[in-house]
Amino acid sequence: MARPATDLAGRATARRRRRLAPLVPYALLAPALLVLAAILGFPLYRLVSLSFQEYGLKELFAGHGTWIGLENYREIFGDSFFWTVVARTVVFAAVCVALTMGLGTLVALLLRNLGRTMRVLVTAGLVAAWAMPTLTAIAIWQWLFDFEFGVVNWLLTKLGVAGYEQHNWFDQPLQGFAVIVVVVVWAALPFVAITLHAGLTQVPAELEEAARVDGAGPWQVFRHITFPVLKPVFLILATLSTIWDFKVFTQIWVLLNQRPSREYFLLGIWSYSESFGVTRYGKGSAIAVVMVLLLLALTFFYVRQMLKAVGP
Amino acid sequence: MTRRRLTRVGYNAAAALVLLVTLFPIYWMVATGFKRGVDILSFEPRWLPIPGTLENYRSAIGKPHFLQDARNSLVVVLVTVLVSLALAFLAALAAARFRFRGRAALVVMLIVVQMVPLEALIIPIYLMLDGAGQTDQLAGIVVTYLTFVLPFSIWTLRGFIVNIPEELEEAAMVDGCTRAGAFRRILFPLVAPGLVATAVFSFILVWNDYLIAFVLLRSPEKQTLGIWLASFTTNHGTEWGGVMAGSTLFAIPAVIFFLLVQRRVVSGLTAGAVKG
């Protein structure tokens, strides 16, 4: 008598389990999604709604903004400074990405052509630079480019380049940005070089050899054999770099002693300074929204690629 | 023969240049940290920190609030990483191992969300925390860090779980294991290294932050080490020895953790993306 009873009970639990089974993934997701909705979803909504509001000191004390429709957007689109900053941000990101990817590819190819000892050494150097926190990298380069006792000015003077004794690199925005690019690229290059070098191991050596035997030059081999294999990894790295370089903030902010002049404004810095510098949170939010949309447009390809890879 | 020799020399010269560019700045930081003031402020660089001194380290550590800020950093990082790891593991399990309605939407959301720069979200987050009286509070900053650490952790962990063959769990279930038992006995031990790697990535992300701590934390006794470090780089032209000693100290935890998982960074960031 006892056996059928447990059997029945067992079947009942089994049935209950089957009925509840489809809910398991949702139960697993619920805590993370709830937290994300609160800390990410809601702020995103707030960002967009703030961009349609006047939100200054007065509103900050009152605790709510005044709806002004598209006024913030009209103001920034009508301001020629906006277009300067957009162009500057895009050019800055493009230069950083191009240098990172170009030099990264060269270093990756170099790694493949080195003997074992040299390869291990160079990889170790890259990993060391990669491991440096951003703030440390900034401090290091600030010291290297110091106007009085910096090694860079000393080296340029030694090499006979005139005008670099006691030279302040941040007097001229173009030179200042050159330093910022150096800091960004120095920190980003190792990841790109090492990842591409890992990708290069996928390139069949016989194919390259065959092309060489058929009389292809090094550039042709790279262009027609090596690069097509690397392409997926290359594109992902380029997009990641675009995302990172488009929103550069800390490097500029700290290198310029937390007081960058308007010549150094990129979208992120401008949005920050409108919001927290002159307490116009509404306008700052509108700039931030523009920045997010530009970034999404620039990385559209990446998102599509990822979705294809993940599958239905 | 000579031509090949020449190429070899060329490659090695290029390698030496790469080594110089990557390592010299780091060497220069460490060396400057151990130099005497007169040797730092010398128009002709002194290449070696001889005679050395620990004075710069003493002055960096002796700066007001160093210990306090180090403790704040540690607390903030640990709490953020643990909370996000727990939440992310469950969510990643669902995203990697279950078929359910809305799964595709979830994956899209996880990718898109990582494109939204925190530099943009900091405005509403600041206003929200300000309204709730949580600016200048470590709890507020932990919540803010979660906004980027959590999606990143879910995504990375999902990559690690996807790469573990599902057949292993199926075999365990054929042998009479329940689904939960299969997760616990088969999947969990296999994904443990992935959990460690994700925790370390998250640690580095949070350790590296400047912007959020700068916006949210005002009083010096509540700040984190990043702000402590940046605050004395601003005294232009002065005390490079202290700055370099502080930068070295700041880098040490990040470097140690980074070296532990560096090999996984490449596979984590790209393989997870490509293989899916």
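Everything numeric in this text was worked out from a predicted model, so none of it was measured. (Residues numbered from 1 in each chain as written. Chains lettered and ligands numbered in written order. Predicted model: local features only at pLDDT ≥ 70, side-chain atom pairs only at ≥ 80, totals over all residues. Heavy atoms only, no water.)

Asks: Kindly report on the overall build of chain B, identifying the contributing residues and their values.
Replies: When its secondary structure is counted, chain B shows twelve helices and zero strands. For chain B, the α and β elements follow one another from N to C terminus as α-α-α-α-α-α-α-α-α-α-α-α. Against the 2.2 N^0.38 benchmark of 19 Å for 276 residues, chain B shows a C-alpha radius of gyration of 24 Å, more extended than a compact globule. For the C-alpha atoms alone, the extent of chain B along its principal axes is close to 75 × 70 × 30 Å. When each of the 276 residues of chain B is scored for burial, the buried share is 53%. When contacts within chain B are restricted to residue pairs at least 6 apart in sequence, long-range pairs at least 24 apart make up 73% of them. Counting 23 positive and 15 negative side-chain charges, chain B places the centres of these two groups 10 Å from one another. (Helix = DSSP H or I, 4+ residues; strand = E, 2+ residues; numbered from the N terminus. Rg over C-alpha atoms; globule rule 2.2 N^0.38 Å. Buried < 20%, exposed > 50% of the residue type's maximum accessible area, 1.4 Å probe, protein only. Contact = heavy atoms within 4.5 Å. Lys, Arg positive; Asp, Glu negative; His and termini not counted. Charge placed at Lys NZ, Arg CZ, Asp CG, Glu CD.)

Asks: How would you explain a nonpolar patch on the surface if you had to name every residue and give the values?
Replies: On the surface, a nonpolar cluster with roughly 410 Å² of combined accessible area is contributed by Val91, Val95, Leu99, Leu103 and Leu106 of chain A. Inspection of the secondary structure puts Val91 of chain A in helix 5 (residues 80-112). (Patch = residues over 30% accessible without salt bridge, like charges linked within 9 Å, V, L, I, M, F, W, Y side chains within 5 Å. Areas by Shrake-Rupley, 256 points an atom, 1.4 Å probe, with all protein chains shown as cover. Salt bridge = Lys/Arg side-chain N within 4 Å of Asp/Glu carboxyl O.)

Asks: Let's hear about the environment of Val112 of chain B: which residues, and what values?
Replies: The topology assignment puts Val112 of chain B in helix 5 (residues 103-113). Considered as a pair, Val112 of chain B and Ser73 of chain B are 39 residues apart in the sequence and their alpha carbons are 29 Å apart. Here Val112 of chain B is in contact with Leu296 and Val303 of chain A, once residues within four sequence places are set aside.

Asks: An account of the pattern of salt bridges is needed here, citing residue identities and associated values.
Replies: Scanning all chains against the criterion turns up twelve salt bridges over all chains. Among the salt bridges present, the one from Glu75 of chain A reaches Arg280 of chain A, with a minimum N-O distance of 3.1 Å. Here Glu75 of chain A is found in helix 4 (residues 71-77), whereas its partner Arg280 of chain A is found in the loop between helix 13 (267-277) and helix 14 (281-298), with 205 residues between them in sequence. Residues Asp39 of chain B and Arg36 of chain B are paired through a salt bridge, measuring 3.1 Å at the closest nitrogen-oxygen approach.

Asks: How would you explain the packing of helix 2 (residues 24-50) of chain A against helix 6 (residues 118-131) of chain B if you had to name every residue and give the values?
Replies: Running from amino to carboxyl end, helix 2 of chain A crosses helix 6 of chain B at an angle of 100°, the nearest separation of the two axes being 8 Å. In terms of their interaxial angle, helix 2 of chain A and helix 6 of chain B are classed as roughly perpendicular. Listed contacts from helix 6 of chain B to Ala38, Ile39, Leu40, Phe42, Pro43, Leu44, Arg46, Leu47 and Leu50 of chain A of helix 2 of chain A are Ala120, Leu121, Ile123, Pro124, Ile125, Leu127 and Met128 of chain B. Among the residues making up the contact of helix 2 of chain A with helix 6 of chain B, the classes are represented as 15 nonpolar, no polar and one charged. (Axes fitted to C-alpha atoms, helices over the stretch in contact; angles between N-to-C directions. Parallel < 35°, antiparallel > 145°, perpendicular 65-115°, else oblique. Nonpolar A, V, L, I, M, F, W, Y, C, P; charged D, E, K, R; others polar.)

Asks: How would you summarise unusual backbone geometry if you had to cite specific residues and measurements?
Replies: For the peptide bond that leads from Ile50 of chain B to Pro51 of chain B, omega is 0°, which places it in the cis range. Within the fold, Pro51 of chain B resides in the loop between helix 2 (37-40) and helix 3 (55-62). Its identity is not glycine, yet Asn257 of chain A carries a phi of approximately 55°, on the positive side. Among the structural elements, Asn257 of chain A can be located in the loop between helix 12 (250-255) and helix 13.

Asks: Talk me through the packing of aromatic side chains; I want residue IDs and the actual numbers.
Replies: As enumerated under the stated definition, the model contains 51 aromatic pairs over all chains in all. A centroid spacing of 5.3 Å and a plane angle of 65° characterise the contact between Phe249 of chain A and Tyr272 of chain A, whose relative ring orientation is edge-to-face. With Phe249 of chain A in the loop between helix 11 (218-246) and helix 12 and Tyr272 of chain A in helix 13, this residue pair connects regions lying 23 residues apart in the sequence. Accessibility assignment for this pair places Phe249 of chain A and Tyr272 of chain A in one class, buried. Ring pairs connect the aromatic residues Phe52, Trp67, Tyr73, Phe77, Phe81, Phe82, Trp83, Phe265 and Trp270 of chain A, which therefore count as one cluster. Above the ring of Phe81 of chain A, the side-chain terminus of Arg262 of chain A is found at 4.0 Å from the ring centroid. One Lys or Arg, Arg158 of chain B, reaches over the ring of Trp155 of chain B and ends 4.9 Å from the middle of that ring. (Phe/Tyr/Trp six-rings, centres within 6.5 Å; stacked < 30°, edge-to-face > 60°. Lys NZ or Arg CZ within 6 Å of the ring centre and 35° of its normal.)

Asks: Mind laying out a positive patch on the surface, listing which residues take part and the relevant values?
Replies: On the surface, Arg15, Arg16, Arg18 and Arg19 of chain A cluster together to form a positively charged patch. Position of Arg19 of chain A among the secondary structure elements: in helix 1 (residues 2-20).

Structural measurements only, silent on function.
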